[in-house]
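Given next are the chains, with one letter for each unit.
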Amino acid sequence: SLYSFLYSVSLMKRLKIDYILLLIITSSLLLRLLFSLWTNFQIDEVNCYRVAHQFYLTGILPAFGQVIVYSKTNLPGGLMALLGGVGLFISNGTPTGAILFVALLNWLAALIIFIAYRKIFPDLKKHLMAIIIFFAPWTIIFTQLWNPSFLPLFSALFLFAIFWAHKNGCDLWQMFLM
């Protein structure tokens with residue numbers, strides 16, 4: 001037991017793992033999961049869950065999203081059902097699975113943004129950058145099931161793709177056409 005602990009510490013030193021950075025990133029994940037589990041299910045969350053649950057039960061992606069409460073119209077497209085439904089498929093239909101899946105995807109988006117910013121701005125302090133990116137209010141608010149969105153994840157992937165294209169010698173016109 002003590003030997004395995006000492007071995008893991010020496011392995012982390014060889015891999016040059018920053019414990020403070022690891023603590024910041026892990027605590028942001030735990031905060032995000034707790035925040036998303038302890039938010040109240042209002043009418044909008046229930047509507048998002050209904051659309052996702054219908055997709056889970058039937059396996060058919062709907063043509064329309066949830067009903068907007070105040071105007072009684074539907075959001076276009078079934079991406080909301082897909083985002084909530086995948087979590088339901090993973091968790092065998094429990095609402096907690098949909099909530100945690102949305103929270104994990106948005107945490108993954110923050111992690112991708114952090115990695116891209118570390119590559120783009122290597123001189124900035126990584127601990128301060130991690131605190132700003134992982135604990136920004138907009139990143140935590142997007143972790144709720146209320147109007148779940150692929151926007152944070154796809155925006156992060158787009159930012160990383162632009163960095164990768166620039167690093168590999170694409171000029172601005174080529175990046176625009178990408």
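Numbering of residues starts from 1 in every chain and runs along the sequence as written. Whole-chain, interface and lining totals are the exception, using all residues; otherwise, since this is a predicted model, local features are given only for residues with pLDDT of at least 70 and side-chain atom pairs are given and counted only at 80 or more. With hydrogens and water excluded, all non-hydrogen atoms of the structure serve as input to the side-chain values.

**With respect to the overall build of the protein chain**
Helix numbering and strand numbering both begin at the N terminus, where a helix is a DSSP run of H or I of at least 4 residues and a strand a DSSP run of E of at least 2. Secondary structure summary: the protein chain contains 9 helices and 2 strands in total. If you list the helices and strands of the protein chain from N to C, you get α-α-α-β-β-α-α-α-α-α-α. When burial is assessed residue by residue, the protein chain has 34% of its 178 residues classed as buried. Within the protein chain, counting contacts between residues at least 6 apart in sequence, those at least 24 apart form 61% of the total. When the accessible surface of the protein chain is totalled, it reaches about 11,500 Å², and 73% of it is carbon and sulfur. Burial classes follow relative accessibility: with a 1.4 Å probe on protein chains only, a residue under 20% of its type's maximum area counts as buried, one over 50% as exposed, and anything between as partly exposed. Here, two residues are considered to be in contact whenever any of their heavy atoms come within 4.5 Å of each other. Computed with a 1.4 Å probe, the accessible areas rest on the Shrake-Rupley method; for each residue, only the protein chains presented here act as cover.

**Details of the packing of aromatic side chains**
Stacked, edge-to-face and tilted labels apply to pairs of Phe, Tyr and Trp rings (six-membered ring for Trp) whose centres lie within 6.5 Å, assigned for plane angles under 30 degrees, over 60, and everything in between, in that order. According to the stated counting rule, one finds 4 aromatic pairs in the structure shown. Members of the aromatic cluster, joined through ring pairs, are Phe55, Tyr56 and Phe89.

**Side note on the packing of helix 2 (residues 19-37) against helix 5 (residues 95-120)**
For every element, the axis is a line fit to its C-alpha atoms; helices are fit only across the contacting stretch, and the angle between N-to-C directions ranges from 0 to 180 degrees. Where helix 2 contacts helix 5, the two axes come as close as 9 Å, and the packing angle between them is 150°. In terms of their interaxial angle, helix 2 and helix 5 are classed as roughly antiparallel. Once helix 2 is placed against helix 5, the crossing between them reads as right-handed. The segment helix 2 lies against helix 5, with Leu21, Ile25, Ser28, Leu29, Arg32, Leu33, Ser36 and Leu37 engaging Thr96, Ile99, Leu100, Ala103, Leu104, Asn106, Trp107, Ala110, Leu111 and Phe114. Should an angle fall under 35 degrees it is taken as roughly parallel, and over 145 as roughly antiparallel, whereas 65 to 115 is taken as roughly perpendicular and any remaining angle as oblique. Less than a right angle of anticlockwise turn of the near helix away from the far helix marks a crossing as left-handed, whereas a clockwise turn marks it as right-handed.

**A few points about the nonpolar core**
Within this scheme, the nonpolar core is defined by two criteria: the residues are buried Ala, Val, Leu, Ile, Met, Phe, Trp, Tyr or Cys, and they are joined through side-chain atoms within 4.5 Å. Counting 23 residues, the largest nonpolar core has Ile25, Leu83, Phe114, Ala130, Ile133 and Phe134 as the members making the most contacts within it. Those elements that provide at least two residues to this core are helix 2, helix 5, helix 6 (126-134) and helix 8 (151-167). Residue contributions to this core peak at 10 residues, all from helix 5. In contact with Phe114, other than residues within four places in its own chain, are Leu21, Ile25, Lys126, Met129, Ala130, Ile133 and Phe134.

**Here's the deal with a nonpolar patch on the surface**
Like-charged residues within 9 Å of one another, or nonpolar side chains (Val, Leu, Ile, Met, Phe, Trp, Tyr) within 5 Å, are grouped into patches, provided each residue has over 30% relative accessible area and no salt bridge. Any carboxyl oxygen of Asp or Glu that lies within 4 Å of a side-chain nitrogen of Lys or Arg is treated as forming a salt bridge with it. A cluster of nonpolar side chains, Tyr117, Ile120, Phe121 and Leu124, forms an exposed patch at the surface whose accessible area comes to about 340 Å². Along the chain, Phe121 turns up in the loop between helix 5 and helix 6. The class of Phe121 is partly exposed, set by a relative accessible area of 40%.

**Examining helix 4 (residues 79-90)**
Three or four residues apart is the spacing at which side chains of an α-helix point the same way, because the helix has 3.6 residues per turn. With 12 residues, helix 4 ought to run about 16 Å at 1.5 Å a step, and its terminal C-alpha atoms sit 17 Å apart, in line with that. Three or more residues of helix 4 are buried, namely Met80, Ala81, Leu83, Gly84, Gly85, Gly87 and Leu88. At the exit of helix 4 stands Asn92, carrying a positive phi of roughly 60°. What a helix is expected to span follows from its residue count: subtract one and scale by 1.5 Å.

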